[in-house]
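Here is how the chains run, residue by residue.
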Amino acid sequence: MKILVLNAGSSSLKYSLFCGKDSELASHGIIENLTTDPSDNRQPCRDYSWALQQVEIQLKQQGLATHLADCDVVTHRVVHGGEQFHQAVMIDDQVITQIKALAKLAPLHNPINLIPIQTLRQTHPELCQVAIFDTAFHQTLPEKAYRYALPKSLYQQHQIRRYGFHGSSHQVICRRYADLNQIASNETHVISIHLGNGASICAIEAGKSIDTSMGFTPLAGLIMGTRSGDLDPAIPMYLINHLDYSAEAVDQLLNKQSGLLGLSGHQDMRELLALAETGNNDASLAIDCFVYRIQQQLGSYLAIMDKVQAVVFTGGIGEHSAQIRAKVLQGLSTRMGIKLDVQANEAVRPNKEVKISQANSPIACWVIPTQEEWEMAQQTLALLHKAQ
């Protein structure tokens, strides 16, 4: 069994090839600096068709495939599944039509996600393709968590509600925590904290997402690299009505110019931590704001969950920054009784699953690397077995 997982971003195509019954990772890479602009005059045009050719070339050079149709299935990450998609699905004409319709909810993502899907349908029409949606894991949110206090018609007619994202990441954390502690997934009660350039928190109760920080779009919730996270909803109107911003300029501001970048001029947490050590006040403030918002969200989930076994860190910052993990947890030590094992936290190494709390901590703390592509491969296998 060969499963090729593709993740099409705004200017890149990530790929991971999993082989065998145990879905071992055989190859992983990224094709960058892509364009969707037909007027781009680079030779050759670095579009997504070209990127798929590069994936094919790299797999051929590694002796893993002579062409993409050698794969049993190609699985695609699709950002927005709306209310229609609760799990992985085989891609057909109807699914493509629905993904296109959902582009209004994710105009920067779904159209890009569709390009390699449609390209492969043209070049390899018999190839089995699967879509997995970032929003699917959060379809278990109760209505009180996903509805906004807006007129009912906006939900009924336009599907304006909380959807949540990073679903595959939070789902794999649930799966791996259960495996590491030898319990069933439906016995897992954890708070998953995905910290990277994009960041979100998910409350997982009995293996199901019951709340998450991202909302109608990935802009909501925590402070991120360039995204503002939660703010007073009157601010965009103030910018438009009094500061002469256009709607497009507000969108650019909140998504590309805010967050850590807006607070400090830097979006990379490693740079911010280094600058803070030199006494840079803006860097220190950005870090403090970032940590404070995490603690707020984490505390709110501790308040609504009947049981919490663990707090789990994942994502680029969550996995690699002992300082950020310590700042988040030490701030909760007196209020929640969480007891950080400082040495274990500082000794965490890349790609390792490590418990970083003391043995007598009432709530355990872990670092578990996110393996979104692997999780997508597992969901694909389950779908294929179900279809047999």
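These lines cover the structure that appears in this document, whether it is placed above or below. (Residues numbered from 1 in each chain as written. Predicted model: local features only at pLDDT ≥ 70, side-chain atom pairs only at ≥ 80, totals over all residues. Heavy atoms only, no water.)

**So, the overall build of the chain**
The condition that has to hold: A run of H or I in DSSP counts as a helix once it spans at least four residues, and a run of E counts as a strand once it spans at least two, with each numbered from the N terminus. C-alpha atoms define the radius of gyration, and 2.2 Å times the number of residues to the power 0.38 defines the globule rule. Think of it in three bands: residues with accessible area under 20% of the maximum for their type are buried, residues over 50% are exposed, and the middle band is partly exposed, with areas taken using a 1.4 Å probe on protein chains only. Should any heavy atoms of two residues lie within 4.5 Å, those residues are counted as being in contact. Accessible surface area values rest on a Shrake-Rupley calculation with a 1.4 Å probe, where residue burial reflects the displayed protein chains alone. In this tally, Lys and Arg are treated as positive and Asp and Glu as negative; His is ignored, and so are the chain termini. Working definition for charges: the position is that of NZ of Lys, CZ of Arg, CG of Asp or CD of Glu.
Secondary structure assignment for the chain yields 16 helices and twelve strands. For 388 residues, the compact-globule formula gives about 21 Å, and the C-alpha radius of gyration of the chain, at 21 Å, lands near that figure. The dimensions of the chain, computed from C-alpha atoms along their principal axes, are 60 × 55 × 45 Å. The 388 residues of the chain split such that 51% are buried. In the chain, the proportion of contacts linking residues at least 24 apart, taken out of those at least 6 apart, comes to 63%. As displayed, the chain offers around 18300 Å² of accessible surface, 49% of which is attributable to carbon and sulfur atoms. When the 31 basic and 37 acidic side-chain charges of the chain are each reduced to a single mean position, those positions are 4 Å apart.

**Side note on unusual backbone geometry**
Positive phi outside glycine occurs at Gln159, with the angle close to 55°. Position of Gln159 relative to the elements: it lies in the loop between α5 (152–158) and α6 (167–180).

**Quick look at the environment of Ile30**
Within the secondary structure, Ile30 is located in strand β3 (residues 24–31). Not counting chain neighbours up to four residues away, the residues in contact with Ile30 comprise Ser12, Leu13, Lys14 and Tyr15.

**Observations concerning the nonpolar core**
To keep things clear, this is the line we draw: In this text, buried Ala, Val, Leu, Ile, Met, Phe, Trp, Tyr and Cys residues form a nonpolar core when linked through side-chain atoms within 4.5 Å.
Within the largest apolar cluster, 58 residues are counted, with the highest numbers of intra-cluster contacts made by Ile191, Ile193, Leu195, Met269, Phe290 and Ile324. Top contributing element to this core by residue count: helix α11 (residues 281–304), with nine residues. Not counting residues up to four positions away in its chain, the partners in contact with Phe290 are Leu195, Ile223, Leu260, Met269, Ile317 and Ile324. In this structure, Leu6, Leu17, Val55 and Leu127 belong to the second largest nonpolar core, which totals 22 residues.

**A short note on the packing of aromatic side chains**
For clarity, the threshold we go by: When two rings of Phe, Tyr or Trp (its six-membered ring) have centres within 6.5 Å they constitute a pair, described as stacked for plane angles under 30 degrees, edge-to-face for angles over 60, and tilted for the intermediate range.
Applying the stated criterion to the full structure yields four aromatic pairs. When the centroid spacing of 6.0 Å and the interplanar angle of 45° are considered together, the rings of Tyr146 and Tyr155 count as tilted. Under the relative-accessibility criterion, Tyr155 is labelled buried at 16%.

**Considerations on the side chain of Arg176**
Going by this rule: Pairing of N or O atoms within 3.5 Å defines a polar contact, subject to two protein rules: one partner must be a possible hydrogen donor and the other a possible acceptor, and residues neighboring in sequence count only if both atoms are side-chain atoms.
Mapped onto the elements, Arg176 comes out in helix α6. Judged by its relative accessible area of 18%, Arg176 is buried. One polar contact links Arg176 to Glu353, side chain to side chain, over a distance of 2.8 Å. Residues contacting Arg176, with those up to four places away along its chain left out, are Glu353, Ile368, Gln371 and Trp374.

**Things to note about a nonpolar patch on the surface**
The cut-off we apply is this: Exposure above 30% relative accessible area and the absence of a salt bridge qualify a residue for a patch, where like charges join within 9 Å and nonpolar side chains (Val, Leu, Ile, Met, Phe, Trp, Tyr) within 5 Å. In the sections that follow, a salt bridge refers to a side-chain nitrogen of Lys or Arg positioned within 4 Å of a carboxyl oxygen of Asp or Glu.
Residues Tyr238, Leu243 and Tyr245 make up a contiguous nonpolar surface patch of roughly 300 Å² in combined accessible area. Inspection of the secondary structure assignment puts Tyr245 in the loop between α7 (234–242) and α8 (247–256).

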